[in-house]
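# Structural overview for review
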Amino acid sequence: MADWQADQAAGLRKLIARDRTRSICFNGGRGGTGTTGVVINLARAMADQGKHVLVLDEHIGTHNIATRCGLRGGIDLEQVLRQRLPLAKALQGLPGGGELMQISASPESLAKLNAYEEDRLAFEFSQLTSTVDLILVDARSAATNPLPSLNLAAEENVVVISNRAESITDAYTIIKLLHREYGQHRFRVLISRVNSLSEAQALFRRLVEVAGRYIDVSLRLIGFVPEDDRLARANRLLQPVVSAFPDADSSCAFVQLAAAMETWPQPAGMLTTPTSFVHRLIQSSRALAEGMNH
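Here's a quick rundown of the structure. Fair warning: this is a prediction, and the values are worked out from it, not measured in the lab.

Rules used throughout
Residues numbered from 1 in each chain as written. Predicted model: local features only at pLDDT ≥ 70, side-chain atom pairs only at ≥ 80, totals over all residues. Heavy atoms only, no water. Pairing = 2+ DSSP bridges. Helix = DSSP H or I, 4+ residues; strand = E, 2+ residues; numbered from the N terminus. Axes fitted to C-alpha atoms, helices over the stretch in contact; angles between N-to-C directions. Contact = heavy atoms within 4.5 Å. Buried < 20%, exposed > 50% of the residue type's maximum accessible area, 1.4 Å probe, protein only. Right-handed = clockwise from strand over helix to strand, strands pointing away. Phe/Tyr/Trp six-rings, centres within 6.5 Å; stacked < 30°, edge-to-face > 60°. Lys NZ or Arg CZ within 6 Å of the ring centre and 35° of its normal. Salt bridge = Lys/Arg side-chain N within 4 Å of Asp/Glu carboxyl O. Core = buried A, V, L, I, M, F, W, Y, C linked by side-chain atoms within 4.5 Å. Expected span 1.5 Å × (residues − 1). Parallel < 35°, antiparallel > 145°, perpendicular 65-115°, else oblique. Left-handed = near helix turned anticlockwise from the far one by under 90°. Nonpolar A, V, L, I, M, F, W, Y, C, P; charged D, E, K, R; others polar.

On to the sheet that holds strand β2 (residues 53-57), then. In spatial order, the strands read β3-β4-β2-β5-β1-β6-β7-β8; together these eight strands make up an open sheet with mixed pairing. Either end of the sheet is taken by a strand with one partner, and the two such strands are β3 (91-93) and β8 (218-226). Between one strand axis and the next, the sheet turns through 25° on average, direction left out of account. In this fold helix α12 (residues 249-261) packs onto β1 (23-27), β5 (134-138), β7 (186-194) and β8, with an angle of close to 145° to the strand it touches most, β8.

The buried fraction of β7 is high, at seven of nine residues. Pairing geometry for strand β6 (residues 156-162) and β7, over five bridges, is parallel. Bridge assignment links V158 to a residue of β7, and that residue is R188. You can see the chain leave β6, run along helix α8 (residues 165-180) and come back into β7, and the turn it takes is right-handed. As paired elements, β7 and β8 share eight bridges and run parallel to each other. Within β8, the position partnered with I191 by the bridge is F224. Crossover handedness for the path β7 to helix α9 (residues 197-214) to β8: right-handed.

Moving on to the packing of aromatic side chains. Summed over the entire model, instances satisfying the criterion amount to two aromatic pairs. With a centroid separation of 5.6 Å and an interplanar angle of 20°, the aromatic rings of F125 and F277 are classed as stacked. Residue F125 is found in helix α6 (residues 115-128), and its partner F277 is found in helix α14 (residues 277-292); the two are separated by 152 residues along the sequence. We note that F125, like F277, is buried. In this arrangement the basic side chain of R188 is found over the ring face of W264, its NZ or CZ atom lying 4.0 Å from the centre.

A separate point is the environment of D170. Relative to the helices and strands, D170 resides in helix α8. Note on D170: relative accessible area 5%, which makes it buried. Along the primary structure D170 and N27 are separated by 143 residues, whereas in three dimensions their C-alpha atoms are 9.9 Å apart. Contacts of D170, omitting those with residues within four sequence positions, involve G29, R30 and A143.

The next subject is the side chain of S167. With respect to the secondary-structure elements, S167 resides in helix α8. With a relative accessible area of 1%, S167 lands in the buried category. Those residues in contact with S167 that lie beyond four places of it in its chain are R30, G31, T33, V160, I161 and S162.

As a further point, take the pattern of salt bridges. Close approach of charged atoms lets side chains of opposite charge pair. The full count for this structure, using the stated rule, is 13 salt bridges. Here E117 ties to R84 by a salt bridge, and the two come within 3.4 Å at their closest N and O atoms. Of the two residues, E117 is situated in helix α6 and R84 in the loop between α4 (77-83) and β3; the sequence distance between them amounts to 33 residues. The partner of E155 in a salt bridge is R280, with the nearest N and O atoms 3.2 Å apart. Of this pair, E155 sits in the loop between α7 (149-153) and β6 while R280 sits in helix α14, and the two are 125 residues apart along the sequence.

This paragraph deals with the nonpolar core. One finds F26, L42, V55, L136 and M261 to be the most contacted residues of the largest nonpolar core, which totals 34 residues. For this core, the leading source of residues is helix α2 (residues 35-48), giving seven residues. Contacts of V55, omitting those with residues within four sequence positions, involve V39, A43, I65, L94, E99, L100, M101 and L136. L77, L87, A90 and M101 belong to the second-largest nonpolar core, a separate cluster that totals 26 residues.

Our next topic: α2. Helix length check: α2, at 14 residues, gives a terminal C-alpha distance of 20 Å against a target of 20 Å (1.5 Å per residue), a fit within 8%. Judged by how many residues are buried, α2 sits mostly within the fold: 13 of 14 residues are covered. In the segment just after α2, G50 is the residue with positive phi, at about 85°.

Time to look at the packing of α2 against α12. Where α2 contacts α12, the two axes come as close as 9 Å, and the packing angle between them is 70°. By the angle between their axes, α2 is roughly perpendicular relative to α12. Along this stretch, α2 crosses α12, giving a crossing that reads as right-handed. Note on element contacts: α12 touches α2 through F254, V255, L257, A258 and M261, opposite G37, V38, N41, L42, A45 and M46. Residue composition of the contact of α2 with α12, by class: nine nonpolar, two polar and no charged.

Laid out in structure tokens, this is it:
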């Protein structure tokens, strides 16, 4: 049995090596950053532009993407692992296009997978994402979550901040944690809930100034989402603003950002690192689980 599993694992790894779907993780903190709404609207804007997007959601309860989109609660990754279900059972279709997977699972559950189980899960994920253009990750805030495994699994991290003191504090905490503990150096920053580009630029300069005093990281401003009453109204209607109110200022911002993301250069690690998203998730979960036990 062990030899058979080893042969199967070797074959799976060769297939998984083709899995190079780009993944971008969005992370925010306190201060009403609206990170989940950012992911929902970018996914819908990209679907409207003909892209196949997979959204991975780490949140649980009433604030997750399924609830925000009026979907019934589905199966999450923890249930897939415990009940030995096919990973496809965790997929849900998003209104207007794209798919959603609730990827919340404890590091312990992922860490205890053996090599064959790890490769099998990675292979299933690779098959499910074979036609996916982009993976968007809505992660729990690394400012309050001591186990930022999704931030480590994704190739890129976008920090979302608003013009609130607690938001700036949490953004710095996220960047410092991922830099000092996990060796990440480059971060993109999205400003939300501001009234103008000049306000967004001033807020970004504050973050750069605070971070520059203590850590050596590269921060890049990728845009801003304006304060918009119709964005709040769309949230109450359980709809993306880009579909409910396509002429809203916030809708235009999301559509422009979705188009701009296609022009982002590929991260260097994506070209040189052979591991897939699932392998990186499991490897980081093992490291985090070991840290919890010491």
